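What follows is the residue order along each chain.
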Amino acid sequence: MKMEFKNLGRSNVKIPVLGLGTWGIGGLSTKSAASDDDDVKALIFGLGLGMRFIDTAEMYAAGHTEEVVAKALENRRESVFLATKVSPEHFSSEDVPKACDASLRRLKTEYVDLYQAHWPNPRIPISETMKAMERLVKDGKVRFIGVSNFSVEQTRQAQDALSIVDVVSNQVEYSLLDRSIEANLLPYAEKEHITIIAYSPLARGQIAMGSIQEDRWRTIDKVAAKLGKTRNQVALNWLITKKSVIAIPKSANPAHFTENLGGQGWSMQHEDYDALNRAFK
Ligand SMILES: NC(=O)c1ccc[n+]([C@@H]2O[C@H](COP(=O)([O-])OP(=O)(O)OC[C@H]3O[C@@H](n4cnc5c(N)ncnc54)[C@H](OP(=O)(O)O)[C@@H]3O)[C@@H](O)[C@H]2O)c1
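Rules used in this analysis
Residues numbered from 1 in each chain as written. Predicted model: local features only at pLDDT ≥ 70, side-chain atom pairs only at ≥ 80, totals over all residues. Heavy atoms only, no water. Axes fitted to C-alpha atoms, helices over the stretch in contact; angles between N-to-C directions. Helix = DSSP H or I, 4+ residues; strand = E, 2+ residues; numbered from the N terminus. Parallel < 35°, antiparallel > 145°, perpendicular 65-115°, else oblique. Contact = heavy atoms within 4.5 Å. Nonpolar A, V, L, I, M, F, W, Y, C, P; charged D, E, K, R; others polar. Near = heavy atom within 4 Å. Polar contact = N/O pair within 3.5 Å; in protein donor to acceptor, adjacent residues only side chain to side chain. Areas by Shrake-Rupley, 256 points an atom, 1.4 Å probe, with all protein chains shown as cover. Core = buried A, V, L, I, M, F, W, Y, C linked by side-chain atoms within 4.5 Å. Buried < 20%, exposed > 50% of the residue type's maximum accessible area, 1.4 Å probe, protein only. Pairing = 2+ DSSP bridges.

J.: Run through the packing of helix α2 (residues 64–73) against helix α3 (residues 95–107), naming residues and quoting values.
T.: Where α2 meets α3, the closest approach of the two axes is 7 Å, and the angle between their N-to-C directions is 45°. Judged on the interaxial angle alone, α3 and α2 are oblique. Of the residues in α3, those in contact with Glu-66, Glu-67, Val-69, Ala-70 and Leu-73 of α2 are Ser-103, Arg-106 and Leu-107. Here the residues of the contact of α2 with α3 are counted per class, giving 4 nonpolar, 1 polar and 3 charged.

J.: Quick rundown of the site of the ligand? Include the residues and the values.
T.: In the region of the ligand, 28 residues are neighbours, and Ser-200, Leu-202, Lys-250, Ser-251 and His-256 sit closest. Here an oxygen atom of the ligand sits 3.1 Å away from a polar atom, N or O, in the main chain of Thr-22. For the ligand, an oxygen atom lies 3.0 Å from a polar atom in the backbone of Arg-204. Here the ligand, which alone exposes 900 Å², has 85% of that area covered by the protein. Of the residues forming the shell around the ligand, the biggest block, 3 residues, is contributed by helix α10 (residues 254–261).

J.: Report on the nonpolar core, specifying residues and quantitative values.
T.: In terms of nonpolar packing, the biggest core is built from 90 residues, with Tyr-115, Met-130 and Leu-276 touching the most fellow members. Not counting the four nearest positions on each side in its chain, Leu-276 is found in contact with Leu-176, Arg-179, Ile-220, Val-223, Val-234, Trp-238 and Met-268.

J.: Mind laying out the sheet that holds strand β10 (residues 245–247), listing which residues take part and the relevant values?
T.: As a general point, the strands of a sheet are linked pairwise by backbone hydrogen bonds and lie either parallel or antiparallel. Taken in spatial order, the 8 strands line up as β3-β4-β5-β6-β7-β8-β9-β10 in an open sheet, and their pairing is parallel. Pairing within the sheet leaves two strands with one partner each, and these edge strands are β3 (20–21) and β10. Inspection of the sheet shows strand β4 (residues 53–55) paired to strand β5 (residues 81–86) by 3 bridges, in the parallel sense. Bridged to Asp-55 within β5 is Ala-83.

J.: Quick rundown of the pairing of strand β9 (residues 195–199)? Include the residues and the values.
T.: Judged by how many residues are buried, β9 sits mostly within the fold: 5 of 5 residues are covered. Neither face of β9 is exposed, since Thr-195, Ile-197 and Tyr-199 on one face and Ile-196 and Ala-198 on the opposite face are all buried. Of the pairings in the sheet, the one linking strand β8 (residues 167–173) to β9 comprises 5 bridges and is parallel in character. Its bridge partner being in β9, Asn-170 is matched across the sheet by Ile-196.

Note that every value here comes from positions in space, so none of it alone points to a role or purpose.
Okay, here's the thing in structure tokens:
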């Protein structure tokens, strides 16, 4: 199945509508190398399916997730859009470049495509962090700057602090089970051409598990049966139907990758889209 692409922010760079999340790969808050070989194979499998966008973070598994990603990138770095994140405790002007260099070392690459500020840090002015990130663009270590878990106001402040590049993306939780960004952030992102990178798009596995005792799960099952798709595929398609949204489901299971890939490459009808909106209000 061919992969669909969308423009990243206002740029001409096209990114796949489905990328690979990596939280949990290589450990959670600490390193766990037990399944590294299988995880590398799984990531390579996902890349082979066309999900050539990997999202990681310095925080994941205390840096080890980036090391696992580096192995999956060996000999294919140029064909992958690579995103990582700087942690809030590294948001000062001295720490941002150090954190970036450490990520580059672990990722075994000379640049990241998208460098994201992971969570707002109220103790450090957003402008200080953004200016430090912009210097990394000038140095050629970062291609694009993004934010994550930023409100409209915080995104605006981040944008205002930049002079040579835009904030191209905001990575936030978004799924049928968490639609909170629809109130303010999504309309703002659409207006400002900021890509929304939807994390936990499968509600951390809950979409597959919802009980058919509830109306909303019966609705999604009905839509899925009509379209010959699975619940997860419908849930991902519902997200990427919105013009500024792409999604980064996490999996380390090839069968799940294949299923998730089938969440794109087709469009649902308005009536199905509306039925889902009503059911998952
Ligand atoms: N910026 C942030 O603050 C932030 C916060 C959270 C997450 N994220 C990013 O977003 C990514 C995705 O979010 P997430 O990991 O929280 O949640 P998610 O992608 O909604 O769900 C992941 C869970 O769903 C399972 N799964 C995936 N595909 C499946 C399928 N087809 N059928 C059944 N189960 C399936 C996975 O298990 P298997 O591995 O067994 O497939 C895993 O347990 C993360 O990995 C991370 O990169 C960012």
